[in-house]
Amino acid sequence: MKKKILIAMLIVLLTIIIFIGIAFIPKETNIQIDIQKLANELINSQIFEDNLNAIDSESIIKKYNFDINKIKDINSYVGTGATAEEILIIELKDKAYINEAKKIIETKIDERKIDFENYLPKEVFKLENYNLESNGNYIILCISNDSDKANEIIRKNINS
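What counts, and where the lines are drawn
Residues numbered from 1 in each chain as written. Predicted model: local features only at pLDDT ≥ 70, side-chain atom pairs only at ≥ 80, totals over all residues. Heavy atoms only, no water. Helix = DSSP H or I, 4+ residues; strand = E, 2+ residues; numbered from the N terminus. Buried < 20%, exposed > 50% of the residue type's maximum accessible area, 1.4 Å probe, protein only. Contact = heavy atoms within 4.5 Å. Core = buried A, V, L, I, M, F, W, Y, C linked by side-chain atoms within 4.5 Å. Expected span 1.5 Å × (residues − 1). Arc of directions from axis to C-beta. Polar contact = N/O pair within 3.5 Å; in protein donor to acceptor, adjacent residues only side chain to side chain. Phe/Tyr/Trp six-rings, centres within 6.5 Å; stacked < 30°, edge-to-face > 60°. Pairing = 2+ DSSP bridges. Axes fitted to C-alpha atoms, helices over the stretch in contact; angles between N-to-C directions.

**Student:** Sorry if this is basic, but what is going on with the overall build of the protein chain here?
**Tutor:** Scanning the protein chain from terminus to terminus reveals 6 helices and 5 strands. Across the protein chain, helices and strands are ordered from the amino to the carboxyl terminus as α-α-β-α-β-β-α-α-β-β-α. Of all 160 residues assigned to the protein chain, the portion counted as buried reaches 41%. Once local pairs closer than 6 in sequence are excluded, the contacts in the protein chain between residues at least 24 apart make up 64%.

Encoded structure:
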């Protein structure tokens, strides 16, 4: 009798553990981000001191030296050059390229820090406090005056 109760309790316990495990599996498989909407929200959020202008995808792919065959869509805005401010939103064909693309972006930011240290030292703060997020097949970079506000806008768009 005690064995049957013990076995029943173990089965119930294992069932509960399995259901809890399933509930906490990340669900980022079909994430869709409207990259133009996100870019517009960031631009209109008043977190930039510069006027950002759209850059064509070919130029931005060349600037970062991305593998064009791995990019599905790209949306980029940069300042006049008087600031380090930038928005870069990429949709990749395959999320297997995410780590490589993020390393490319981080390397470019490190290079820009060196350039701005001598040119406009006050911009280095922005390059040290940038937002770089990835989720699903998307990478989002925002270099602005207010990384907290940028993060809030990015999170809202990722989770919607």
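Let us keep going from here.
**Student:** Explanation requested: the environment of asparagine 65 in the structure shown.
**Tutor:** Along the chain, asparagine 65 turns up in the loop between helix 3 (57-64) and strand 2 (71-78). Taking the C-alpha atoms as reference points, asparagine 65 and isoleucine 105, separated by 40 residues in sequence, lie 9.4 Å from one another.

**Student:** What exactly am I supposed to notice about the nonpolar core here?
**Tutor:** Nonpolar side chains in soluble globular proteins generally cluster together in the buried interior. Phe66, Leu88, Ile90 and Ile105 are the most contacted members of the largest nonpolar core, which has 23 residues in total. Of the residues forming this core, the biggest block, 6 residues, is contributed by helix 4 (residues 98-119). Listed in part, the 19 residues of the second largest apolar core include Leu38, Leu42, Ile153 and Ile154.

**Student:** It is not clear to me how helix 6 (residues 147-159) should be interpreted in this structure. Could you clarify?
**Tutor:** Note on helix geometry: an α-helix contains 3.6 residues per turn, so any two residues three or four positions apart are oriented the same way. Here helix 6 contains 13 residues, and its C-alpha end-to-end distance of 18 Å stays within 8% of the 18 Å for a straight helix at 1.5 Å per residue. Here helix 6 has its buried residues at Ala150, Ile153, Ile154, Asn157 and Ile158. Summarising the axial view, the buried residues of helix 6 lie within an arc of 135°, below the 170-degree limit, and thus occupy one face. In helix 6, those exposed residues whose orientation departs by more than 90 degrees from the buried face are Asp148, Glu152 and Asn159. Structurally, helix 6 contributes buried residues whose contacts are with helix 2 (35-43), strand 4 (131-135) and strand 5 (138-143). With a side-chain oxygen lying 3.3 Å from the backbone nitrogen of aspartate 148, the N-terminal cap of helix 6 falls on aspartate 146.

**Student:** So what exactly am I meant to see when it comes to the packing of aromatic side chains here?
**Tutor:** Centre-to-centre distance and the angle between the planes together describe a pair of aromatic rings. In total, this model carries 2 aromatic pairs according to the counting rule given. Ring centres of tyrosine 64 and phenylalanine 66 lie 5.2 Å apart, and the angle between their planes is 15°; this geometry places the pair in the stacked category. Here phenylalanine 66 falls in the buried class, since its relative accessible area comes to 6%. Measuring from ring centre to ring centre gives 5.9 Å for phenylalanine 116 and tyrosine 119, while their planes differ by 55°; the resulting arrangement is tilted. Pair noted here: phenylalanine 116 and tyrosine 119 are both in helix 4, with a separation of 3 residues, about one helical turn.

**Student:** It is not clear to me how the sheet that holds strand 3 (residues 86-92) should be interpreted in this structure. Could you clarify?
**Tutor:** Through backbone hydrogen bonds, the strands of a sheet pair up, either in parallel or in antiparallel fashion. With respect to topology, 5 strands assemble into an open sheet ordered 1-2-3-5-4, the strand pairing being antiparallel. Each having just a single partner strand, strand 1 (53-55) and strand 4 make up the two edges of the open sheet. Taking the axes of each pair of neighbouring strands and ignoring which way they run, one obtains an average angle of 15° across the sheet. Where helix 2 meets the sheet, its contacts fall on strand 2, strand 3 and strand 5, and the angle it forms with strand 2 comes to roughly 15°. Contacts between helix 6 and the sheet are confined to strand 4 and strand 5, with strand 4 contributing the most and set at about 15° to the helix.

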